[in-house]
Amino acid sequence: MKWTISFSYLFLLLFGSASGESFHWFQLMGGNQLWFRFVVEEVDICPNVVVDGVEHLMDQHHAADGSFPLSCVYKLDLEALPQSFILDNREILPRFKKDEVRKIAVIGDTGCRNNHFFSPQDCKKEWFFKETIDAMLEHSPEMVIHVGDYVYRRGSQASTWTTWKEDFFLPATALLNSNIPLLLARGNHENCNRGGEGWAYFLSIAKECLAHEDPYTFSVNGRDIVVTDSSIERKLYEDVAHVNNVNNGKRTWIVTHRPLVFKNKEDLYVGNTTIFKDLKKEIELIMSGHVHVAQFLRLDGHVQFISGNGGTRLSHWQTSTASDSQLEYGFGIIDLLNGSAKITSYDRFNNEMMSTYLEAND
């Protein structure tokens, strides 16, 4: 007698009996790749996915090692996406066309800062990351940018699965399950002295924690989005200078965790204003977090958009509320228009706080 095991039954054998949880998402990477990523507890074998009717075993990004669970990946080419992508008998392929994107969401600094010595954050009453995600998803963005700092709790002990699960994966479950492609930057809380090991296991292209990762470029609607690793501040300036030097006239946005500049409580610009002003006109937007505020700055034709108000305790000691700066929890939405873009900052109740425009360059 010939025995056959269906994919769904095999998946049940591998995963259904495990008491652990699993998380999956699509992640935009350099070279116009789209990675399908999967993390599962208490399992040692990556699952199969069915791509255009053909079963494929996902690659192992990291084995379960007692500290972190199994991390798997399957790489797709955005220039040749399949018609179907099935996991556990569910069609989950995002209907994403990188040259037809009209709405992008931006969020950052989302973990709960319960380790702070002065006035620690109450993760049950004062942390609104999940609620902010729910409000953001009401806009139906076609892609989501996270500008870094996913884990805060436990401070220097952030590289544990418990911290990553509680600070990011559980509250972000609705976002991950939406299958909206994510563009994820590395924050200083993901350096190798903090949450860097978890960053390498789950979100990075690298399999080991590197002190610094090279920038990569993702193209959308005729613009280059350059993602930089600013976990080391001086490396940010080096990478931005390089991006500026090699720009060949293409409209460019830079995603980085640390802002080049921000406005403090005294209404003064803090940061590297020199490099900011020296940017070519084609580098029109810098998206970042790090300072826990929503803020728009416009200098010499360039816009610095800070969206560091996704959940972590707000930076009342650094910044103040003004027409271009809001100390409320929330997120940003970028609407891509005909040649221009509107950036709107919303609070966690979906009230519009402020907006600005990027006009088409001549």
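As annotated in an unreviewed UniProt entry, the protein chain carries the name Serine/threonine protein phosphatase and comes from Neorickettsia findlayensis.

Taken together, seven strands build an open sheet; the order of strands is β12-β13-β14-β17-β19-β18-β20 and the sheet is mixed. If you trace the sheet from one side to the other, it starts and ends with β12 (216–220) and β20 (325–326), each paired once. As paired elements, strand β18 (residues 294–299) and β20 share two bridges and run antiparallel to each other. Its bridge partner lying in β20, Gln 295 is registered against Ser 325. Its contacts with the sheet place helix α6 (residues 233–246) against β13 (223–227), β14 (252–255) and β17 (283–288), and it is angled at close to 170 degrees to β14.

With that settled, the discussion passes to unusual backbone geometry. Its identity as a non-glycine residue notwithstanding, Asn 32 has a phi of 55 degrees, on the positive side. One can find Asn 32 in the loop between β1 (22–29) and β2 (33–40). A relative accessible area of 15% places Asn 32 in the buried class. If you check the backbone angles, Asn 350 has positive phi at about 70 degrees while not being a glycine.

What follows concerns the side chain of His 292. One can find His 292 in the loop between β17 and β18. For His 292, a relative accessible area of 4% translates into the label buried. Polar side-chain contacts of His 292 include one of 3.3 Å to the side chain of Asp 109. A polar contact is formed between the side chain of His 292 and the side chain of Tyr 152, at a distance of 3.2 Å. Other than its neighbours up to four places away in sequence, His 292 contacts Asp 109, Arg 113, Tyr 152, Gly 308, Thr 312, Arg 313, Leu 314, Ser 315 and Leu 327.

Next up on the list: the confidence of the model for the protein chain. Summarising the model, the protein chain shows a mean pLDDT of 91, and 92% of its residues fall at 70 or more. Scored below 50 in pLDDT, residues 1–18 makes 27 contacts in the model with residues more than four places away or belonging to other chains.

Here we take up the packing of aromatic side chains. Within the structure shown, the criterion is met by 25 aromatic pairs. Their ring planes at 40 degrees and their centres at 6.3 Å tell us that Trp 127 and Phe 129 sit as a pair that is tilted. If you follow Arg 153 out to its NZ or CZ, it ends over the ring of Trp 127, 5.0 Å from the centre. The ring of Phe 128 carries Arg 348 above its face, with NZ or CZ at 3.6 Å from the centroid.

For strand β6 (residues 70–77), the buried fraction is high: six of the eight residues fall into the buried class. As paired elements, β2 and β6 share eight bridges and run antiparallel to each other. When the bridges of β6 are listed, Phe 38 appears paired with Cys 72.

What counts as what
- Residues numbered from 1 in each chain as written.
- Predicted model: local features only at pLDDT ≥ 70, side-chain atom pairs only at ≥ 80, totals over all residues.
- Heavy atoms only, no water.
- Pairing = 2+ DSSP bridges.
- Helix = DSSP H or I, 4+ residues; strand = E, 2+ residues; numbered from the N terminus.
- Contact = heavy atoms within 4.5 Å.
- Axes fitted to C-alpha atoms, helices over the stretch in contact; angles between N-to-C directions.
- Buried < 20%, exposed > 50% of the residue type's maximum accessible area, 1.4 Å probe, protein only.
- Polar contact = N/O pair within 3.5 Å; in protein donor to acceptor, adjacent residues only side chain to side chain.
- pLDDT = per-residue confidence, 0-100.
- Phe/Tyr/Trp six-rings, centres within 6.5 Å; stacked < 30°, edge-to-face > 60°.
- Lys NZ or Arg CZ within 6 Å of the ring centre and 35° of its normal.

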